[in-house]
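# Coordinates in review
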Amino acid sequence: MIKLLRLTCLMFFAITAGNVQAQNTVEGKVTSADDGEPLPGVNILVDGTSQGTVTDIEGNYSVVVGDDATLVYSFVGFTTVKEQVNGRSVVNVALSSDISELQEVVVIGYGTSNEDEITTAISTINSEDITKTPNSNPMQSLQGKVAGVQITSSGAPGASPNVRVRGLSSFAGDDKAQPLYVVDGMFVDNIDFLNPSDIASMNILKDASAAAIYGVRAANGVIIIETNSGDYEQPVKIEYDGYYGVQRPQNLLEMANTQQYVNYINQAGNADQQALIQNSIDRFGANPNNPNLPGTDTDWYDQVLEKTAPIQNHSLTISGGSSKVKYSVGGSFFKQDGLLKYARNDYERTNLRTKIDAKATDWLTVGGNVNISNATQFEADEAVWSQSYYAVPVLPVYDQGNTLAKPIRYANAQNLNFRDPQNPLFVLDNNNNRKKRAKILGNFYADLQLIPDKLSFKTSLNYFYADENHRQVDKNYSDGQTIYPNGIIKSSTSNFNTIWDNVLTYDNLFGDHSVNVTAGYSFRSEQMDFTQSAASNILSLDPNKDDTWYIPKGSNLNPSETYTDGDNFYGVSYFGRIQYGYQNKYLLSTSFRRDGSNKFSEKWGNFFTLSGGWIISRENFFDVEGIDFLKVRGGWGQMGNDGIEPAIGSLTYKQVSLALGNQLVIGVQPDNIFDLITSWETTEETNIGISAEFLDSRLTLDADVYRRDTKDAVLNVLLQGTGRNPRRNAGEIRNEGIEVAIGWADNISDDFSYNISANLSTLKNEVLSVGDQEFLYGGANIAELRQISIPGSSLNEFYGYEINGVFQNNSQIAQSGYNDSFISDNALQPGDFFFKDQNGDGVIDADDRVLLGSFIPTYNYGFSLGVNYKNLSLTASFQGQGGNKIVNQKRSTVRVNQDVNIDADLASHFWNGEGSTNSYPSAAGYRKEYNNNLMNEFWLEDGDYFRIQNVRLAYQFVNKELFGVKMPKTTISFTADRPLTAFNYNGFNPEVTNGVDNQTYPIPAVYTVGLNVQL
């Protein structure tokens, strides 16, 4: 590592060194040859050096050079011009538009393509959109910005969002269905190590014809990321980008206060729990205004949550280049404090990176980059959220009478005869959970031009090392009733992955024909080592000194939590792609990848794609006013998902004992029931789309309709007569939908411009097969909150009882259609639910269960607008989703624990007489087994929400002076991120990945002040 840093420093100083000679000042103005307008930001370099400058907002420049120097003028979208000084003091230059450069280049698998030649579904993300959002993970910035991509966020510091590209295609759930990230050529599962400011481009390959060139890793979408680099013939550029702000918890769930809680207990009519209220009065005193009401009224969320928490990010980048070498080096620091009090829950990350490219000869370019990330994350015990929800308001935070509680006398509800301690501070104050992560991503390549501008060969070596050390410390404490011993769990996970790619590319034009051919070979190696040890009752552990938080030699280890594990997977791949165009309007592309892997018993897989496009607007017969560009495209392809756990089962024998006569005989018995996962899951997808531009390209449209079928999906198959359910490649899942993205951009004048964009995506998720069985239980796998997969349903759809309403009187019960014995057995009363008898047999039983809805949203949308006036800009983005359901598990636990608090909405809406409500049960009914024992519609709530995602106001200072000194290009910004989320769900947050909510970390609103300075 030290050698690498030394080499980087030497190269940097060598690059930036200039020549010393007689100098003169040259001034001038750079304009556009098309319209004569001045061009700001033009790079001007002394040929063969990194010395130079850039033009100001009026196109003017001034540079000190030698009399015989040659100046190189370059600007994106314009041809590069060289001018000899020849002793002149004024050199004015006009640059002409370069039509080829104006075509946007899109990064695709193992290559690039002009945007108008794309025949697949690819979304390109502007790097500016990524940096606007203050988050630890760049993917969070994409929420609501890309049709067909669902981002589910988390408020916990350092937590990564869940990402779904075109639905959910695996019975194994989201953990095994995340997209593949390709960062500078390296495959990674998460980009939590990247600083958003370091990203130059991000392209999402959504359909199979685009992504399948990545084979067995592509079934859940591919996200290609390239990090920043310098530019050839660019003067040294120094850029600082940073922000500082605060996070505020929002949408906090209002819980029942003491008055509401006591009313609830009294309405329920439970004498034992009414006695608990009196116990609180006896121990802690009565309300001075009402002697029948406890004087304690604790808001537990207020007790455990901070009002605000800081967040900050700072990055510094130095970039530039000469005619032979370009470079970019930088570092960044990110820190996010958590919203919880008492326990550490924060995240801190430091990044260092360097990227260098050099033209060694006219035919050879070499380069490399290294990105080093070091992060520390402290996580609070997740139990704090459910404990804060259930903690009764009649319990104070502290209780000096709880003399046996140590080290702090927190109040314990068990002293009032409640079943559990309930006070969340016991857990918060006595737990420390730290994760330290070190990640290194490297890429080194050589690019040979075998035939200039036609045939090239690129070989690249990519490596990724990740090491995570996890330490969980449970401190010794007493809650006054129970003594909890200390304990430590320490684990270490190391991953070392290597990819060696070799790609041959041929690109040529033959009259009306264009051909691009790519052929390659790739080797991939993935190694993982895991070690864990655990011990308890450690005498040397001091809860106040973290230097004692280790497992000392000779400790009694916990056998079940002390073990090692590991994996070693490797594979080889052969791939190719042919892109053909005729007259730049008829497009055809095909690719093939053959993947070999030792992960499954089936060693090889073949993945083929075919796509085509027709640019109708370039036909001679097409002359439609207002339509500037119109392309139809379609594609089909296959791709794989090898993220599932392999299982190469075989016949085994188990020892059995049998009594024969008076003798115990021991023998062996064959066991032929085992997991057998022979191959990866395979996805086939068909995509048809349209791309269009209207009204001088001010209006743009991209629309796609797709169907993707995942076959050989891994699931558990119940073997009749055995009671066992081994895993097999036996399922099939379909995702299909429509995606539309539309945008409008217009310049009203030189000073004023604006833009508007919107996207909408629909999704239908459907299980086509669960093997030879009729159904498959899955999801959170909670027996009382059943989720099920049935052919024709969505994946893990909620399954239970429909509700016609709430019985208002005894006459309704008698006329319900239920038989008399069912009514009497369940002691039905007004205030109980009127469940729908689906089969009309007079009873409510398992045969009356139906599908109640899915946790997967059926639509997602987003829209944004931007306004620019001179140096002032305002942007705003919005997003939302709908069509999904959430199980409010917090409420449903009343079936097992009834001496806990409830939320204020529930406390305020109980049925309390005829006509009071037809949606909520009575307080007594809520606690009744008939109403709460099994999944029903009452536990389900809509997951729809609308959010103001981001609002940003920025002002740019250009050619301004401060105290008589010319200011560098400076931008000051004010950002409000997620300041408002509107929803009806009774929880902190409607973004629940699996649809089962037992309380999640609140998503904060974030307000920041940002600064960007470019020298």
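Predicted, not measured: the structure shown is a model, and the values here were computed from it.

Definitions and cut-offs
- Within each chain, residues carry numbers counting from 1 in the order of the written sequence.
- pLDDT decides what is reported in this predicted model: residues at 70 or higher carry local features, side-chain atom pairs at 80 or more are listed and counted, and totals for whole chains, interfaces and linings draw on all residues regardless.
- To get the side-chain values, all heavy atoms of the structure are used, and hydrogens and water are removed first.
- Helix and strand assignments follow DSSP, with helices taken as H or I runs no shorter than four residues and strands as E runs no shorter than two, numbered in order from the N terminus.
- Every radius of gyration here is taken over C-alpha atoms, with the globule rule written as 2.2 Å times N^0.38, N being the number of residues.
- Contact definition: two residues touch when any of their heavy atoms are within 4.5 Å.
- To measure how exposed things are, a 1.4 Å probe is used in the Shrake-Rupley method; for residues, cover is taken only from the protein chains shown.
- Charge counting treats Lys and Arg as positive and Asp and Glu as negative, with His and both chain ends excluded.
- For charged residues, the charge sits on one atom: NZ in Lys, CZ in Arg, CG in Asp, CD in Glu.
- Note on method: axes are straight lines fitted to C-alpha atoms, helices fitted across the in-contact stretch only, with angles between N-to-C directions ranging 0 to 180 degrees.
- Note that the term roughly parallel is reserved for angles under 35 degrees, roughly antiparallel for angles over 145, roughly perpendicular for angles of 65 to 115, and oblique for everything else.
- Crossings are sorted by hand: turned counterclockwise from the far helix by less than a right angle, the near helix makes the crossing left-handed, and turned clockwise it makes it right-handed.
- Residues are grouped as follows: Ala, Val, Leu, Ile, Met, Phe, Trp, Tyr, Cys and Pro are nonpolar; Asp, Glu, Lys and Arg are charged; all remaining types, including Gly, are polar.
- Here a polar contact is recorded for every N or O atom pair within 3.5 Å, except that within protein the pair must consist of a potential hydrogen donor and a potential acceptor, and residues adjacent in sequence are included only if both atoms are side-chain atoms.
- Only buried residues count toward a nonpolar core, which is a set of Ala, Val, Leu, Ile, Met, Phe, Trp, Tyr and Cys residues joined through side-chain atoms within 4.5 Å.
- Exposure is judged per residue with a 1.4 Å probe applied to protein chains only, and the accessible area is read against the type maximum: over 50% gives exposed, under 20% gives buried, and values in between give partly exposed.
- Only residues whose relative accessible area exceeds 30% and that form no salt bridge are eligible for patches; like-charged ones are grouped when within 9 Å, while nonpolar side chains (Val, Leu, Ile, Met, Phe, Trp, Tyr) are grouped when within 5 Å.
- Basic side-chain nitrogens of Lys or Arg form a salt bridge, by our definition, when they fall within 4 Å of a carboxyl oxygen of Asp or Glu.
- Only Phe, Tyr and Trp rings are paired, with Trp represented by its six-membered ring, and only when their centres lie within 6.5 Å; those with planes under 30 degrees apart are stacked, over 60 edge-to-face, the remainder tilted.
- The arc refers to the directions leading from the helix axis to the C-beta atoms.
- Pairing between strands is defined by DSSP: at least two bridges between them are needed.
- UniProt positions are given in the numbering used here, feature names are shortened, and annotations may be inferred rather than shown by experiment.

Looking now at the overall build of the protein. Secondary structure assignment for the protein yields 15 helices and 59 strands. Taking 2.2 N^0.38 as the reference for a compact globule, 1015 residues should give roughly 31 Å; the C-alpha atoms of the protein span a radius of gyration of 33 Å, in line with that estimate. Counting only C-alpha atoms and orienting by the principal axes, one finds that the protein spans roughly 105 × 70 × 70 Å. Summarising the internal contacts of the protein: among those between residues at least 6 apart in sequence, 70% fall at separations of at least 24. Surface summary for the protein: the accessible area is close to 44,600 Å², and the carbon and sulfur share equals 51%. When the 76 positive and 117 negative side-chain charges of the protein are each reduced to one mean point, those points stand 5 Å apart.

It is worth spelling out the packing of helix H5 (residues 258-268) against helix H6 (residues 271-284) at this point. Two numbers describe how H5 lies on H6: the axes approach to 8 Å, and their chain directions differ by 150°. Classified by the angle their axes make, H5 and H6 are roughly antiparallel. Once H5 is placed against H6, the crossing between them reads as left-handed. When H5 is examined against H6, the residues Tyr261, Val262, Ile265 and Asn266 are found in contact with a partner set consisting of Gln273, Gln274 and Ile277. Class assignment for the residues of the contact of H5 with H6 results in four nonpolar, three polar and no charged.

So, on to the side chain of glutamine 773. Mapped onto the secondary structure, glutamine 773 falls in the loop between strand S43 (764-770) and strand S44 (776-777). Of the polar contacts made by the side chain of glutamine 773, one reaches the backbone oxygen of asparagine 716; its length is 3.0 Å. Ignoring any residue separated from it by four or fewer positions in sequence, one finds glutamine 773 in contact with Leu715, Asn716, Val717 and Leu718.

Take the nonpolar core next. Of all hydrophobic cores here, the largest spans 88 residues; its most connected members are Phe171, Tyr264, Leu340, Tyr818 and Tyr926. Looking at which element gives the most residues to this core, the answer is H5, with five residues. With near-sequence residues (within four places) excluded, phenylalanine 171 lies in contact with Ala713, Val714, Leu715, Gly731, Glu732, Ile733, Val767, Ser769, Val770, Leu776, Ser789 and Leu795. One finds Met139, Leu142, Val188 and Ile199 within the second-largest nonpolar core, a separate group that totals 48 residues.

Once that is clear, we can look at a nonpolar patch on the surface. A contiguous nonpolar patch, built from Tyr869, Leu872, Leu874, Leu953, Tyr955, Phe974 and Val1009 and spanning about 610 Å² of accessible area, is present on the exposed surface. Only strand S51 (872-882) and strand S54 (945-957) provide two or more residues apiece to the nonpolar patch. Within the secondary structure layout, tyrosine 869 lies in strand S50 (residues 859-869).

Our focus in this paragraph is the packing of aromatic side chains. Summed over all chains, the structure comprises 47 aromatic pairs. When the centroid spacing of 6.2 Å and the interplanar angle of 65° are considered together, the rings of phenylalanine 822 and tyrosine 930 count as edge-to-face. Here the residue phenylalanine 822 occupies a position in helix H11 (residues 820-825), and tyrosine 930 occupies one in helix H15 (residues 929-932), the gap between them amounting to 108 residues. Take phenylalanine 822 and tyrosine 930: they sit in the same class, and that class is buried. On the basis of an interplanar angle of 10° and a centroid distance of 6.2 Å, the ring pair of phenylalanine 878 and phenylalanine 946 is categorised as stacked.

Here we take up H5. Residues spaced three or four apart along an α-helix point in a common direction, a consequence of the helix completing one turn every 3.6 residues. Of all the residues in H5, the buried ones are Thr258, Tyr261, Val262, Tyr264, Ile265 and Ala268. Down the axis of H5, the smallest arc covering the buried residues is 155°, so these residues share one side. Summarising the contacts, the buried residues of H5 are in contact with H6, strand S19 (290-294) and helix H14 (923-926). Put simply, asparagine 257 is the residue that caps the front of H5, since its side-chain oxygen is 3.2 Å from the backbone nitrogen of glutamine 259.

A few words on the pattern of salt bridges. Under the defined criterion, the tally for this structure stands at 43 salt bridges. Taking the shortest distance from any N to any O, the salt bridge between glutamate 802 and lysine 836 comes out at 4.0 Å. In this pair, glutamate 802 sits in the loop between strand S46 (797-800) and strand S47 (803-806) while lysine 836 sits in the loop between strand S48 (833-835) and strand S49 (850-853), placing the two residues 34 residues apart along the sequence. The partly exposed category is assigned to glutamate 802, whose relative accessible area is 25%.

Attention now goes to the sheet that holds strand S7 (residues 93-95). Across the sheet, which stays open at both edges, the three strands sit in the order S4-S1-S7 with mixed pairing between neighbours. Strands at the two margins of the open sheet, each flanked by one partner only, are strand S4 (60-65) and S7. This sheet shows a mean twist of 35° between the axes of neighbouring strands, independent of strand direction. In this sheet, S4 lies alongside strand S1 (residues 24-32) in antiparallel orientation, the contact comprising six bridges. By the bridge assignment, glutamate 27 is partnered in S4 with serine 62.

Per the UniProt record, "domain: TonB-dependent receptor plug" (unreviewed entry) is found at residues 116-222. A distance of 20 Å separates the end C-alpha atoms of residues 116-222, which is 8% helix and 25% strand.

The next thing to look at is unusual backbone geometry. Backbone torsion omega between lysine 406 and proline 407 reads 5°, so that peptide bond is classified as cis. With respect to the helices and strands, the residue proline 407 is situated in the loop between strand S24 (405-406) and helix H9 (425-429). One non-glycine residue with positive phi stands out, namely arginine 978, at about 55°. Looking at where arginine 978 falls in the secondary structure, it is placed in strand S57 (residues 969-983).

This part is about a negative patch on the surface. Taken together, the side chains of Asp34, Asp35, Glu37, Asp750 and Asp751 define an acidic patch exposed on the protein surface. Aspartate 751 gets classed as partly exposed once you look at its relative accessible area, which sits at 38%.

This paragraph deals with the pairing of S51. Along S51, nine of the 11 residues are buried, which leaves the element largely enclosed by surrounding structure. Pairing geometry for S50 and S51, over 11 bridges, is antiparallel. Bridge pairing in S51 places phenylalanine 863 opposite phenylalanine 878. In textbook terms, the turn of a hairpin is the stretch between consecutive antiparallel strands, and for S50 and S51 this stretch comprises two residues, one of which, lysine 870, has a positive phi near 55°. Bridging between S51 and S54 involves 10 bridges; their strand directions are antiparallel. Following the sheet pairing, leucine 872 is matched in S54 by tyrosine 955.

For strand S52 (residues 885-888) and strand S53 (residues 940-942), the ladder comprises three bridges, and the chain directions are antiparallel. Each bridged residue has a counterpart across the sheet, and for isoleucine 886 the counterpart in S53 is glutamate 941. Inspection of the sheet shows S52 paired to strand S58 (residues 996-997) by two bridges, in the parallel sense. Across the sheet, the residue bridging to valine 887 is valine 996, located in S58.

Quick look at the environment of isoleucine 972 now. By the secondary structure assignment, isoleucine 972 is in strand S57. Here isoleucine 972 falls in the partly exposed class, since its relative accessible area comes to 30%. Excluding anything up to four places from it in sequence, isoleucine 972 contacts Leu953, Ala954, Tyr955, Phe957, Gly1010 and Leu1011.

Taken together, three strands build an open sheet; the order of strands is S24-S27-S28 and the sheet is antiparallel. Only two strands of the sheet have a single partner each, and these edge strands are S24 and strand S28 (483-484).

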